[in-house]
Amino acid sequence: MADDQQFIKVLRGKTEQRKYVLKKDSVLIGRNVNCDIRLGGPEISPIHLILQRAEDGCIVVKKGVRAVYVNGRETVQAVLAHGDEIQVGEYVFCYQRPDKAGVVAAARASAGGDDKKAEGAAGRSQVNRKWLLIGGYLSVMVLVVSVLVTMGDDGPQGPEPPSTRLEKLAAAYATSTLDNRDKIRELVALALLNEMRLEPEERLKLVNAAIGATVPPGSKPYDENDFLEDSLRLFVIDEVHRQLYLAEVGGN
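Residues numbered from 1 in each chain as written. Predicted model: local features only at pLDDT ≥ 70, side-chain atom pairs only at ≥ 80, totals over all residues. Heavy atoms only, no water.

Concerning the overall build of the protein chain
Right, so step 1: Looking only at helices and strands, the protein chain features eight helices and 11 strands.
Right, so step 2: A burial count over the protein chain gives 49% of its 252 residues as buried.
Right, so step 3: At a minimum sequence separation of 6, the contacts of the protein chain that also span at least 24 residues come to 58%.
Right, so step 4: Surface summary for the protein chain: the accessible area is close to 11900 Å², and the carbon and sulfur share equals 51%. (Helix = DSSP H or I, 4+ residues; strand = E, 2+ residues; numbered from the N terminus. Buried < 20%, exposed > 50% of the residue type's maximum accessible area, 1.4 Å probe, protein only. Contact = heavy atoms within 4.5 Å. Areas by Shrake-Rupley, 256 points an atom, 1.4 Å probe, with all protein chains shown as cover.)

A word on the environment of Thr75
Right, so step 1: You can see Thr75 is positioned in the loop between strand S8 (73-74) and strand S9 (77-80).
Right, so step 2: The buried category is assigned to Thr75, whose relative accessible area is 15%.
Right, so step 3: Taking C-alpha positions, Thr75 is 7.4 Å from Lys62, a pair spaced 13 residues apart along the chain.
Right, so step 4: Among all residues touching Thr75, those that are not within four sequence positions of it are Lys62, Val68 and Val70.

So, the pattern of salt bridges
Right, so step 1: Scanning all chains against the criterion turns up eight salt bridges.
Right, so step 2: The shortest N-O distance in the salt bridge between Glu239 and Arg165 comes to 2.8 Å. One end of the pair, Glu239, is in helix H8 (residues 231-249); the other, Arg165, is in helix H4 (residues 162-175), and 74 residues separate them in sequence. Comparing Glu239 with Arg165, the two get one shared label, buried.
Right, so step 3: Where Lys205 meets Glu202, a salt bridge forms, and the shortest distance between an N and an O atom there is 3.6 Å. With Lys205 and Glu202 both in helix H6 (residues 200-214) and three residues apart, this pair spans about one turn of that helix.
Right, so step 4: Salt bridges sharing common partners tie together Glu160, Arg165, Lys168, Glu195, Asp238, Glu239 and Arg242. (Salt bridge = Lys/Arg side-chain N within 4 Å of Asp/Glu carboxyl O.)

Quick word on the nonpolar core
Right, so step 1: In terms of nonpolar packing, the biggest core is built from 29 residues, with Leu28, Leu169, Ile184 and Val188 touching the most fellow members.
Right, so step 2: At the level of elements, strand S6 (57-62), H4, helix H5 (181-193), H6 and H8 are the ones that each hand at least two residues to this core.
Right, so step 3: Excluding anything up to four places from it in sequence, Leu169 contacts Arg185, Val188, Ala189, Leu192, Leu232 and Phe235.
Right, so step 4: Formed by 22 residues, the second largest nonpolar core is a distinct cluster that contains Leu49, Cys58, Val68 and Val88. (Core = buried A, V, L, I, M, F, W, Y, C linked by side-chain atoms within 4.5 Å.)

Considering the side chain of His48
Right, so step 1: Its place among the elements puts His48 in the loop between strand S4 (37-38) and strand S5 (49-54).
Right, so step 2: In terms of polar contacts, His48 uses its side chain to reach the backbone carbonyl oxygen of Ala67, at 2.9 Å.
Right, so step 3: Setting aside chain neighbours within four positions, we find His48 in contact with Ile29, Gly30, Glu43, Lys62, Lys63, Gly64, Arg66, Ala67, Val68 and Val88. (Polar contact = N/O pair within 3.5 Å; in protein donor to acceptor, adjacent residues only side chain to side chain.)

Structural notes on H6
Right, so step 1: Over its 15 residues, H6 runs 21 Å from end to end, which matches the ideal 21 Å to within 8%, given 1.5 Å per residue.
Right, so step 2: Regarding H6, the residues found buried are Pro200, Arg203, Leu204, Leu206, Val207, Asn208, Ala210, Ile211, Gly212, Ala213 and Thr214. (Expected span 1.5 Å × (residues − 1).)

A look at the packing of aromatic side chains
Right, so step 1: Under the defined criterion, the tally for this structure stands at one aromatic pair.
Right, so step 2: Judged by centre distance (6.2 Å) and plane angle (10°), the ring pair of Tyr91 and Phe93 falls under stacked.
Right, so step 3: Judged by its relative accessible area of 3%, Tyr91 falls in the buried class.
Right, so step 4: A cation sits over an aromatic face here: Arg181 above Tyr173, 4.1 Å from the ring centre.
Right, so step 5: The lysine or arginine in question, Arg185, covers the ring of Tyr173, its NZ or CZ lying 3.8 Å from the ring centre. (Phe/Tyr/Trp six-rings, centres within 6.5 Å; stacked < 30°, edge-to-face > 60°. Lys NZ or Arg CZ within 6 Å of the ring centre and 35° of its normal.)

Here's what the structure looks like:
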């Protein structure tokens, strides 16, 4: 899939009309300096939301304590269709998926109007069920991590040392059924073992790549329940938040 097939365009905000191409599988948006799309303003959380990109669609997942709106409705997670609008603070983005524009337009016409709700519902009906499950999973995991490892809105209370994290990584790996569990373990272990040597941006690249590797191949059958509950995927999402916190406070 070409990198420019999915992007968001700023309709309102300080960077109006700017286009952000969604090149990564997981795009972090917020005021943290290590977010992929950095926004300013008092209403923006350090990590405000995550856009989970996929060939069959894009999922928006709320991360921060501040609100996220899709087509005017507050949401924790939603599957985006071409033309849907996302609002965070003073910013309004329009999600664009040109190769799906015809599908959405046809669905709108069959519904007998161009109401935004009908457009969103029609677009979402085209999304593969697997990505709906991933969206629900990410939503639950983000909320769990927010409660367990964040201090207010900005970071964990007393981050665990790499040695402890490596032990937990090994335990999560041992019970994981993910197809790419060896690759995932290697990426996260590399980030942990080099926590004192690698720059925060490099560690984040490793753990973000690990997140992408947890997604089951689209052509291969998988057990939905096992995927939703997999311990290694939960660990990796937890580690992303930990590394973002370390990057924000400038510590190792």
